[in-house]
Amino acid sequence: MQHEPLEQPAQRLDHHSLGNPHQIRVTHVKLNLVVDFDNEQLHGTATLRVKRQLGCPAGAPLILDTKNLTIQSVWTRRKYSRKRLANFTLGQTDAILGTPLVVPMVEGSDEVIIAYQTTAGADALQWMPAAENKPKSLFTQGEAILTRTWVPLQDSPSVRITYEAQVTTPSGVIALMSAQHRPSSNKNVFRFKMPYCIPPYLMSLAVGNFAFRKLGRRTGVYADPSIVDSAAWEFAQAEEMIEAAEKLYGPYRWGRWDILVLPASFPFGGMENPLLTFVTPTLIAGDRSLVNVIAHELAHSWSGNLVTNATWSDFWLNEGFTRYVEDRLQEALFGVERAHMETALGVESLLELMQRLPASDQILHINLEGRDADDGCTLVPYEKGSMFLRTLENAVGRKKLDIFIHQYFDHFAFQSITTAQFEEYLQEHLLKLNPQAAAQVNVHAWIHDPGLGQPHLEVKSSQLEAVETEAKIWDNREKPLTAINTQQWSTHEWLRFLRSMPTLQQERMAELDATFHFTEQTNAEILFQWLVMSVRSDYEPAFDRLKSFLGSVGRRKFIAPLYRELTKAPNGMARAQELFKQSRGVYHSTLIQSVQKLLANPSAPTTD
Ligand code: BES
Ligand code: ZN
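This report concerns the structure included in the present document.

Thresholds, definitions, all that
Residues numbered from 1 in each chain as written. Chains lettered and ligands numbered in written order. Predicted model: local features only at pLDDT ≥ 70, side-chain atom pairs only at ≥ 80, totals over all residues. Heavy atoms only, no water. Donors = N, O, S within 2.8 Å, 3.2 Å for Na, K, Ca; no water. Tetrahedral: all angles 85-135°; square planar, octahedral: opposite > 155°, others 65-115°. Helix = DSSP H or I, 4+ residues; strand = E, 2+ residues; numbered from the N terminus. Buried < 20%, exposed > 50% of the residue type's maximum accessible area, 1.4 Å probe, protein only. Near = heavy atom within 4 Å. Polar contact = N/O pair within 3.5 Å; in protein donor to acceptor, adjacent residues only side chain to side chain. Areas by Shrake-Rupley, 256 points an atom, 1.4 Å probe, with all protein chains shown as cover. Nonpolar A, V, L, I, M, F, W, Y, C, P; charged D, E, K, R; others polar. Core = buried A, V, L, I, M, F, W, Y, C linked by side-chain atoms within 4.5 Å. Contact = heavy atoms within 4.5 Å. Pairing = 2+ DSSP bridges. Patch = residues over 30% accessible without salt bridge, like charges linked within 9 Å, V, L, I, M, F, W, Y side chains within 5 Å. Salt bridge = Lys/Arg side-chain N within 4 Å of Asp/Glu carboxyl O. Lys, Arg positive; Asp, Glu negative; His and termini not counted. Charge placed at Lys NZ, Arg CZ, Asp CG, Glu CD.

### Some remarks on the coordination of the zinc ion (ligand 2)
Turning to step 1, where the next piece is worked out: Every protein donor of the zinc ion (ligand 2) is accounted for by His296 (NE2), His300 (NE2), Glu319 (OE) and Glu319 (OE), and the metal-donor separations fall at 2.0 to 2.7 Å.
Turning to step 2, where the next piece is worked out: Seen from the zinc ion (ligand 2), its 6 donor atoms lie at angles of 54 to 160°, and the figure they make is irregular.
Turning to step 3, where the next piece is worked out: Sequence positions of the residues that donate to the zinc ion (ligand 2) give the spacing H-x3-H-x18-E. Linking His296 in helix α3 (residues 292-299) with Glu319 in helix α4 (residues 315-334), this pair joins segments that are 23 residues apart in sequence.
Turning to step 4, where the next piece is worked out: For His296, a relative accessible area of 8% corresponds to the buried category.
Turning to step 5, where the next piece is worked out: Assessed through its relative accessible area of 2%, Glu319 is described here as buried.

### Things to note about the site of ligand 1
Turning to step 1, where the next piece is worked out: The full set close to ligand 1 counts 19 residues, and Glu143, Gly269, Glu272, Glu297 and Tyr382 are the nearest of them.
Turning to step 2, where the next piece is worked out: Here a nitrogen atom of ligand 1 and a side-chain polar atom of Glu143 are 2.8 Å apart.
Turning to step 3, where the next piece is worked out: In the model, an oxygen atom of ligand 1 is placed 2.5 Å from a nitrogen or oxygen of the Gly269 main chain.
Turning to step 4, where the next piece is worked out: Relative to its unbound accessible area of 520 Å², ligand 1 is 91% covered by the protein chains.
Turning to step 5, where the next piece is worked out: Residues of the shell around ligand 1, tallied by class, amount to 6 nonpolar, 5 polar and 8 charged.

### Focus: the nonpolar core
Turning to step 1, where the next piece is worked out: With 151 residues, the main nonpolar core has Leu31, Trp150, Phe235 and Phe422 as its most contacted residues.
Turning to step 2, where the next piece is worked out: Leaving out residues up to four positions away in the same chain, Leu31 has contacts with Thr45, Ala46, Tyr116, Trp150, Val151, Glu164, Ala165, Gln166, Met177 and Met203.
Turning to step 3, where the next piece is worked out: Core analysis: the next-biggest nonpolar cluster, separate from the first, contains 50 residues, Trp474, Ile484, Leu531 and Tyr587 among them.

### A look at the sheet that holds strand β1 (residues 24-36)
Turning to step 1, where the next piece is worked out: Reading across from one edge, β5-β4-β8-β2-β1-β11-β14-β13 is the order of the 8 strands in this open sheet, with mixed pairing throughout. In this open sheet, the two strands that pair with only one neighbour each are β5 (84-85) and β13 (180-182).
Turning to step 2, where the next piece is worked out: Where strand β11 (residues 161-168) meets strand β14 (residues 189-198), 7 bridges bridge the pair, whose relative direction is antiparallel. Bridge assignment links Thr168 to a residue of β14, and that residue is Val189.

### Quick look at the pairing of β1
Turning to step 1, where the next piece is worked out: Of all 13 residues in β1, 10 are buried, a share of seventy percent or more.
Turning to step 2, where the next piece is worked out: Pairing between β1 and strand β2 (residues 41-52): 12 bridges, direction antiparallel. Each bridged residue has a counterpart across the sheet, and for Arg25 the counterpart in β2 is Lys51.
Turning to step 3, where the next piece is worked out: Linkage of β1 to β2, two consecutive antiparallel strands, is achieved through a turn of 4 residues, within which Glu40 is found at a positive phi near 45°.
Turning to step 4, where the next piece is worked out: In this sheet, β11 lies alongside β1 in parallel orientation, the contact comprising 7 bridges. Bridged to Lys30 within β11 is Glu164.

### Quick word on a positive patch on the surface
Turning to step 1, where the next piece is worked out: There is a patch of like positive charges on the surface, built from Lys30, Arg49, Lys79, Arg182, Arg191 and Lys193.
Turning to step 2, where the next piece is worked out: Note that Arg182 resides in strand β13.
Turning to step 3, where the next piece is worked out: Residue classification places Arg182 among the partly exposed residues on the basis of a relative accessible area of 33%.

### A closer look at the pairing of strand β18 (residues 257-261)
Turning to step 1, where the next piece is worked out: Burial within β18 is extensive, with 5 of its 5 residues counted as buried.
Turning to step 2, where the next piece is worked out: Of the two faces of β18, both are covered, the one formed by Trp257, Ile259 and Val261 as well as the one formed by Asp258 and Leu260.
Turning to step 3, where the next piece is worked out: Bridging between strand β17 (residues 219-223) and β18 involves 4 bridges; their strand directions are parallel. Note on β18: the bridge partner recorded for Val221 is Ile259.
Turning to step 4, where the next piece is worked out: Sheet topology note: the β18/strand β20 (residues 276-279) ladder contains 4 bridges and is parallel. Bridge pairing in β20 links Asp258 to Leu276.

Pasting the structure below:
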């Protein structure tokens, strides 16, 4: 069940870890943590099992990643023998990477026990205050390099670990982890086991008052009791999605798949924590129109969690494949028209972004040396990555590409791989076998050059084109809004309708609002688009809504672009600063950092 990577690199591979897995590698983590809501702190021990690598110099210490952790004591021991206090040291702190923890290793010791506690600088953790009918709660976000702020380990996606955990909570809440649940005799103690080896960014914990609804044979949803039924309705197709994915790429290997709906502060649409996907409540639109995010996170069970990017420069292997599979699942569940609409909207956003992105950030295999791993998280790995796969599909045919991807997942299952390993595998198992088709695709340029370099597939959606025509006709004042038949429009059509508008006069905004009530919109995607337009047009009637949205939702994809739009408006900077001051308490550290960056330098090229 557990696969060791075939070969270990002799050198440090990952610029975003200070650890030394090429010498001594962490293989298993055992956590024993207490959740202290009063002090907003986790404290306890992490017991690491380690393995010396071939050629490791005698006397080499173990080096771990930590960031803003307080380390109390460290012991080492040979399994089953007595532990010995170790004379650990903390190395120099790097602002992005954190502080290496250096543990001298007595010959033969294969276990390290670390007593530690988290601090207010634990960027992975978001402590939520109590609210009406809600006790205090907590969730973690590990990707990309935040796990080191709550667990001392080698925080590189090239290092795969299994883990087990015991989490003690106050009464009235439950703990959930991205792992199997284990029985416990104490109602305040929760026990977990992750028997499959995973990269550390996939370790996750949530503590709160979560109710559960079963969805299917191996699926269910956890959410605040007040929304758990609507969540269960929204995500009812989870089981069907797994079946569709299995048909394409082979068995789901993780056993269960549950979905956890977090508070609106959660900084992402979804996060693919294994066995337990974390999602934003803004997916609950009431019409299942945003479940592509669910399909996306499920797809990561193959691309990302099973076959993982070895470094953050290979992030496109995670997200490009996942974005591609997401559309394939949408197609399987909802038909080709809906899949095309989503593909087309993605391509449109990418093309828009490419115009303002520096060339070096347009490359799939991006160089992130000296930069935050998060800087690579743009639409490029997602949309250009999936566009590349669609181009391959078009060249070799869908059937052959499906077989290839299925084999690729099997071959590298439970391993972390680099772009070079992917390229070699692609060459051997697809391109060489299909030389004529291969000659049509400049694979090297797709992966290593900026831009789209070469003709890419056009994705046409006749439905979206029809909507665009309607928008143009209205914009040219050739037809009133009431003449447009919007009865059958889905979220995608509304998004295209709004996105195809130029910056409008205030009275034209008012006309749209009076007819379609955008300011009262509850679908977060449509509302977001409307608020962007409202800032651009200085449309005052939407400002209260803007303020409440910024003050209650923490999803980075919505919130960062809204602040950016604000900074572009005349006198907008002061307003953006003021709104940020009022709202930042709601935000997770990753969002706070993105907003701070853009407020400090609004004219810098942006990545989202
Ligand atoms: N793994 C990502 C989220 C992520 C990326 C977290 C990089 C931290 C660093 C997740 O799978 C994702 O891509 N979420 C998207 C949704 C998707 C449909 C594009 C999101 O949150 O919007
Ligand atoms: Zn993703």
